[in-house]
Amino acid sequence: AERKRKVADVIEEVERALSTPTALLRGISDALVAEMERGLRGDIHSQLKMLISYVDNLPTGDEHGLFYALDLGGTNFRVLRVQLAGREKRVAKQQSVEVSIPPHLMVGTSMELFDFIAAALAKFVDTEGDDFHLPEGRQRELGFTFSFPVNQLSISSGTLIKWTKGFSINGTVGEDVVAELSKAMERQGLDMKVSALVNDTVGTLAGGRYVDNDVVAAVILGTGTNAAYVEHANAIPKWTGLLPKSGNMVINTEWGSFKSDKLPLSEYDKAMDFESLNPGEQIYEKMISGMYLGEIVRRILLKLAHDAALFGDVVPPKLEQPFVLRTPDMSAMHHDASHDLKVLGTKLKDIVGVADTSLEVRYITRHICDIVAERGARLAAAGIYGILKKLGRDKVPTDGSTMPRTVVALDGGLYEHYKKFSSCLEATLTDLLGEEASSSLVAKLANDGSGIGAALLAASHSQYA
Ligand code: ADP
Ligand code: MG
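All values reported here derive from a predicted model rather than from experimental measurement.

Quick word on the overall build of the protein chain
- Counting secondary structure elements, the protein chain contains 17 helices and 13 strands.
- In terms of overall dimensions, the protein chain has C-alpha extents of about 80 × 60 × 40 Å along its principal axes.
- The proportion of buried residues among the 465 residues of the protein chain is 56%.
- Within the protein chain, contacts between residues separated by at least 24 positions form 71% of all contacts whose residues are at least 6 apart in sequence.
- As displayed, the protein chain has an accessible area near 19,400 Å², and 51% of this comes from carbon and sulfur atoms.
- Where the 50 positive side-chain charges of the protein chain centre and where its 61 negative ones centre are 1 Å apart.

Below is the structure:
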């Protein structure tokens, strides 16, 4: 009974610390919009970088030819080629391969990482079949999706601002990542030009626009989280170049670094942040994205084990190990609808090392998954709501005109595979927008849109275009 009371106390405290009432979410989206504006002004104290992408035109559908793309952003990278065939035929042919990045390369040297990538790319180019056509005398071109914050210098160059998401490589910060990749491709004897350097959010936005003209923003919920959207060029005070003809500029918000005292930061978040590779940074990302959700659950379970003997008198040693509980496992436990919570039983045995868990312990574990996932999904929805506010698309126009259809392209393994997360996000967005405004909003899964998007941007920025 004493133990039960302690368990209930800890859970109650966790529920309180991680709660996200709708009014709080509204405050968070307002704070986000304020930071977006500071970032666009170039305020050096702004948390959001609001990076200028140099993409002022999104794909039209008319793109033609063979293009490659390389997507580097997390645990895997993908190489892809497409044969674009214009407005009617669109993507005539597409092939891709995914390669996982050996963990030692994520914390090794820049040269080792880029050599590994270029080698995989060269191998892939070797398998190009006859159904792909490169006109005589032309160089192959590539769109490089690089999902880390970059100070873009042009559409095809940019310097790394910092590594995130578990990458920590000496000597790359401040370097032009296109030059690094190009040198590595040369070392492989691969003749290919990088025609576009894009963030994955920008690639997803481009890929989304190619299939749906009403796409105005893209959000990534994968290992990390980030968003991009189409801004009016004259609403970017820090932009000192010529105003683009289109009047638009795609902005990569780098919203993962958002921080606000409105964010429900718990003791678990603080401890995880403190022990991370980038303490004090990417706070919003650490509350939302796939790299961290399972780890937050682990920390709460550890607290329950310590303070309330959730798993018995001894704290399971495996539970002490950071990041043993991965978000896909958390998701599997959360979705367990069997009467005896069989999946929870298996996962707790395999991951935590506790062979026989009671039904009660399984329920509690699932409940913790629910609390952590719900907070992440609701915070992500508040972010999307903030972008819609910034775009003036958060409410029905008062002048009697109709609400324009608004599409947000979403991608990333977390959004794609964690059903309870994505449905909570969508329900929260509807709640924030209200019935009427939410009826013209579409949240659309843009599966692997960033790869195609980068290839499309390489096409529209081709040296031969
Ligand atoms: P990245 O963000 O690294 O470019 P992805 O978009 O494929 O790659 O996202 C991978 C991330 O998605 C994983 O790190 C994991 O956190 C999350 N994820 C993958 N599968 C699942 C799943 N079944 N349930 C929950 N999260 C998942
Ligand atoms: Mg990705």
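The discussion continues.
Quick look at the packing of helix α8 (residues 267-274) against helix α10 (residues 293-308)
- At a closest axis distance of 10 Å, the pairing of α8 and α10 adopts a crossing angle of 115 degrees. Seen from above, α8 lies across α10 with right-handed handedness. Note on element contacts: α10 touches α8 through E295, I296, R299, I300 and K303, opposite E267, Y268, D269, A271 and M272.

A look at the pattern of salt bridges
- Scanning the model with the defined rule gives 28 salt bridges in all.
- We note a salt bridge from E360 to R3, for which the minimum N-O separation is 3.7 Å. With E360 in helix α13 (residues 359-390) and R3 in helix α1 (residues 2-17), this residue pair connects regions lying 357 residues apart in the sequence.
- Taking relative accessible area as the criterion, R3 reaches 31% and is therefore assigned partly exposed.
- Here E295 makes a salt bridge to R298, at a shortest N to O gap of 2.8 Å. Of this pair, E295 and R298 are both found in helix α10, 3 residues apart, which corresponds to roughly one turn of the helix.

Looking at the side chain of S157
- Within the secondary structure layout, S157 lies in strand β7 (residues 157-160).
- Polar contacts involving the side chain of S157 include one to the side chain of S154, which spans 2.9 Å.
- In this structure, S157 is in contact with Q152, D176, V178 and L197, ignoring residues within four places of it in sequence.

Details of the pairing of strand β2 (residues 64-72)
- Along β2, 8 of the 9 residues are buried, which leaves the element largely enclosed by surrounding structure.
- The pairing of β2 with strand β3 (residues 76-85) spans 9 bridges and is classified as antiparallel. Looking across to β3, one finds that L72 is bridged to F77.
- The turn joining β2 and β3, which pair antiparallel and follow one another in sequence, is formed by 3 residues.
- As paired elements, β2 and strand β5 (residues 140-146) share 5 bridges and run parallel to each other. Within the sheet, the bridge partner assigned to Y68 lies in β5 and is L142.

Quick word on unusual backbone geometry
- One non-glycine residue, Y54, lies in the positive phi region at around 65 degrees.
- Topologically, Y54 is positioned in the loop between β1 (51-52) and β2.
- Its identity is not glycine, yet L341 carries a phi of approximately 50 degrees, on the positive side.
- Counting through the fold element by element, L341 comes out in the loop between α11 (327-334) and α12 (342-352).

Details of the packing of α1 against α13
- Two elements in contact, α1 and α13, have axes whose closest approach is 11 Å; the angle formed by their N-to-C orientations is 10 degrees. Between α1 and α13, the interaxial angle falls into the category roughly parallel. Together, R3, K4, V7, I11, V14 and E15 of α1 and E360, I364, H367, I368 and I371 of α13 make up the contact between the two elements.

Regarding the site of ligand 1
- As a matter of local geometry, ligand 1 sits amid 14 residues, with G74, T223, G290, G412 and G413 nearest to it.
- The separation between an oxygen atom of ligand 1 and a polar main-chain atom of G290 is 3.1 Å.
- Here an oxygen atom of ligand 1 and a backbone polar atom of G413 are 2.9 Å apart.
- Taken by itself ligand 1 offers 570 Å² of open surface, and the protein chains cover 73% of this.
- Mapped onto the shell around ligand 1, the elements with two or more residues apiece are α11 and α14 (413-417).

Regarding the environment of L457
- Turning to its location among the elements, L457 is positioned in helix α17 (residues 449-460).
- A relative accessible area of 0% means that L457 is categorised as buried.

Criteria and cut-off values
- Residues numbered from 1 in each chain as written.
- Chains lettered and ligands numbered in written order.
- Predicted model: local features only at pLDDT ≥ 70, side-chain atom pairs only at ≥ 80, totals over all residues.
- Heavy atoms only, no water.
- Helix = DSSP H or I, 4+ residues; strand = E, 2+ residues; numbered from the N terminus.
- Buried < 20%, exposed > 50% of the residue type's maximum accessible area, 1.4 Å probe, protein only.
- Contact = heavy atoms within 4.5 Å.
- Areas by Shrake-Rupley, 256 points an atom, 1.4 Å probe, with all protein chains shown as cover.
- Lys, Arg positive; Asp, Glu negative; His and termini not counted.
- Charge placed at Lys NZ, Arg CZ, Asp CG, Glu CD.
- Axes fitted to C-alpha atoms, helices over the stretch in contact; angles between N-to-C directions.
- Left-handed = near helix turned anticlockwise from the far one by under 90°.
- Salt bridge = Lys/Arg side-chain N within 4 Å of Asp/Glu carboxyl O.
- Polar contact = N/O pair within 3.5 Å; in protein donor to acceptor, adjacent residues only side chain to side chain.
- Pairing = 2+ DSSP bridges.
- Parallel < 35°, antiparallel > 145°, perpendicular 65-115°, else oblique.
- Near = heavy atom within 4 Å.

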